[in-house]
Amino acid sequence: MTSLENTEPKKTKRAKKVVLKSEDYKTLRNQVYTLFYYSNKPFILTELNLQFKEARKTEIETICDDLTSKGLLTNKMNGKTKIWYLNQNKLNYGEKENLASTAGSMDARKQSGVSMGELEEVYEEVKEEFKITKEKGMELRNEINSLNNELSNVELEDEIEKMKVFITENKAYENVELVDEEEYKKHKTVQVKYRKMEAERKGILKNIINSVSEGMGKSKKEFMEEVGISKE
């Protein structure tokens, strides 16, 4: 007869929760993310485990899920296999999370096959492209400012209509005989001379009226009315 001890179901072992020390976790997480960053390719858990042989799969999976929750990685399922890849919309992880360290970055670059010299070359190329793009942007900005100072289509149409009205109003002067420029200057000189003489004579007349009216004990207005001199 089978004993009760043999009939009891076997207890299943619970999966151990991965617990890493704070600094070790940050270092490994930084190395994993840096590998994604410089490789810029999707990874499955097996590939990551080959890259980080010192870490367990559960540790790496926890880190990848952590990075995914932060929006730094994204994942999708290919059958039963989970694939992680870099989130292109958020590439400043090192600055925001303060996870970047020289040792981790160097280690990940070494694992991804990218040397510091190659990265510096890429940096210089991108820097030059940025400079060219910036110059083109300034040229476009200047062109836009120039266009903003010009008349719009509506304003041009308004100016055209004004010019049409001006031409119509001045058609009556098309057949007017023009005066020679030298002749015009001659008449202008004579006119200026006569106006000067007129001003001088008005001044003399004014002085005479003031003197006479004062001698007669009358105001200037009374004297002018008495002798019949118009104010004009």
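None of these values were measured; they are calculated from a predicted model.

S.K.: Explain the overall build of the protein here, please?
M.R.: Along the backbone of the protein there are 10 helices and 3 strands. Reading the secondary structure of the protein in the N-to-C direction produces α-α-β-α-α-β-β-α-α-α-α-α-α. When the 232 residues of the protein are sorted by exposure, 17% land in the buried category. Long-range pairs, those at least 24 residues apart, make up 49% of the contacts in the protein between residues at least 6 apart in sequence. Here the protein has roughly 19600 Å² of accessible surface; of this, 52% comes from carbon and sulfur atoms.

S.K.: For this particular structure, what's the right way to read the packing of helix α2 (residues 22-39) against helix α4 (residues 57-69)?
M.R.: A pair of packed helices can be characterised by two numbers: the angle between their axes and the separation between those axes. Axis separation between α2 and α4 bottoms out at 10 Å; the angle between their running directions is 70 degrees. It follows that α2 is roughly perpendicular to α4 by the angle criterion. Considering the relative orientation of α2 and α4, their crossing is right-handed. Residues Y25, L28, R29, V32, Y33 and F36 of α2 touch α4, and the partners they reach there are E59, T62, I63, C64, D66 and L67. Counted by class, the contact of α2 with α4 contains 8 nonpolar, 1 polar and 3 charged residues.

S.K.: Would you mind going over helix α9 (residues 181-215) with me for this structure?
M.R.: In an α-helix, one full turn covers 3.6 residues, which means residues spaced three or four apart are oriented alike. Spanning 35 residues, α9 covers 52 Å between terminal C-alpha atoms, matching the ideal 51 Å at 1.5 Å per step. Between a side-chain oxygen at the N-terminus of α9 and the backbone nitrogen of E182 the separation is 3.1 Å; the capping residue is D180. Looking one or two residues past α9, G217 carries a phi angle of roughly 70 degrees, positive in sign.

S.K.: Can you walk me through the packing of α9 against helix α10 (residues 220-227) in this structure?
M.R.: Orientation of α9 relative to α10, taken along the N-to-C sense of each, is 100 degrees, at an axis distance of 9 Å. Comparing the axis directions of α9 and α10 gives the class roughly perpendicular. Here α9 contributes K206, I209, N210, V212 and S213 to the contact with α10, which in turn contributes K220, F223 and M224. In terms of residue class, the contact of α9 with α10 is made up of 4 nonpolar, 2 polar and 2 charged.

S.K.: Please clarify how a negative patch on the surface should be interpreted in this entry.
M.R.: There is a patch of like negative charges on the surface, built from E120, E121, E124, E125, E128, E129, E135, E139 and E143. Mapping E135 onto the fold places it in helix α7 (residues 116-148).

S.K.: Help me out: how do you make sense of the sheet that holds strand β2 (residues 73-78) in this one?
M.R.: Neighbouring strands of a sheet are bound in pairs by backbone hydrogen bonds; such pairs are parallel or else antiparallel. Spatially, 3 strands are ordered β1-β3-β2 in an open sheet, and the strand pairing comes out antiparallel. Every interior strand has two partners, whereas the edge strands, β1 (43-44) and β2, have only one. With 6 bridges connecting them, β2 and strand β3 (residues 81-86) associate as antiparallel partners. Bridge pairing links M77 to K82 in β3. Contacts from α2 reach β1, β2 and β3 within the one sheet, and its direction differs from that of β3 by about 70 degrees. Strands β2 and β3 of the sheet are contacted by α4, whose axis makes an angle of about 50 degrees with β3.

S.K.: Before we go on, may I ask you to explain the packing of aromatic side chains in this structure?
M.R.: Within a pair of aromatic rings, the relevant descriptors are the distance that separates the centres and the angle that separates the planes. By the definition in use, this model includes 3 aromatic pairs. Between F36 and F43, the aromatic rings sit 5.1 Å apart at their centres with planes inclined by 75 degrees, giving edge-to-face as the arrangement. Of the two residues examined, F36 and F43, each falls in the buried class. Measuring from centroid to centroid gives 5.1 Å for Y37 and Y38, while their planes differ by 75 degrees, and the two rings are edge-to-face. Taking the relative accessible area as the measure of exposure, Y38 reaches 28% and is therefore partly exposed. Cluster of aromatic residues (ring-pair linked, three or more members): Y33, Y37 and Y38.

S.K.: Honestly, the nonpolar core in this entry has me stumped. Any pointers?
M.R.: In summary, soluble globular proteins display a tendency toward joint burial of nonpolar side chains. Within the largest apolar cluster, 19 residues are counted, with the highest numbers of intra-cluster contacts made by V32, F36, L48, F52, I60, C64 and L67. Taken together, the elements giving at least two residues each to this core come down to α2, α3 (45-51), α4 and β3. No other element matches α2, which puts 6 residues into this core. For F36, the contacting residues outside a window of four places in its chain are K41, F43, L48, C64, L73, W84, Y85 and L86.

S.K.: Would you mind going over the environment of T168 with me for this structure?
M.R.: When you line up the elements, T168 lands in helix α8 (residues 153-169). Engagement of the side chain of T168 in a polar contact is seen with the backbone oxygen of K164, the distance being 2.9 Å.

Thresholds applied
Residues numbered from 1 in each chain as written. Predicted model: local features only at pLDDT ≥ 70, side-chain atom pairs only at ≥ 80, totals over all residues. Heavy atoms only, no water. Helix = DSSP H or I, 4+ residues; strand = E, 2+ residues; numbered from the N terminus. Buried < 20%, exposed > 50% of the residue type's maximum accessible area, 1.4 Å probe, protein only. Contact = heavy atoms within 4.5 Å. Areas by Shrake-Rupley, 256 points an atom, 1.4 Å probe, with all protein chains shown as cover. Axes fitted to C-alpha atoms, helices over the stretch in contact; angles between N-to-C directions. Parallel < 35°, antiparallel > 145°, perpendicular 65-115°, else oblique. Left-handed = near helix turned anticlockwise from the far one by under 90°. Nonpolar A, V, L, I, M, F, W, Y, C, P; charged D, E, K, R; others polar. Expected span 1.5 Å × (residues − 1). Polar contact = N/O pair within 3.5 Å; in protein donor to acceptor, adjacent residues only side chain to side chain. Patch = residues over 30% accessible without salt bridge, like charges linked within 9 Å, V, L, I, M, F, W, Y side chains within 5 Å. Salt bridge = Lys/Arg side-chain N within 4 Å of Asp/Glu carboxyl O. Lys, Arg positive; Asp, Glu negative; His and termini not counted. Charge placed at Lys NZ, Arg CZ, Asp CG, Glu CD. Pairing = 2+ DSSP bridges. Phe/Tyr/Trp six-rings, centres within 6.5 Å; stacked < 30°, edge-to-face > 60°. Core = buried A, V, L, I, M, F, W, Y, C linked by side-chain atoms within 4.5 Å.

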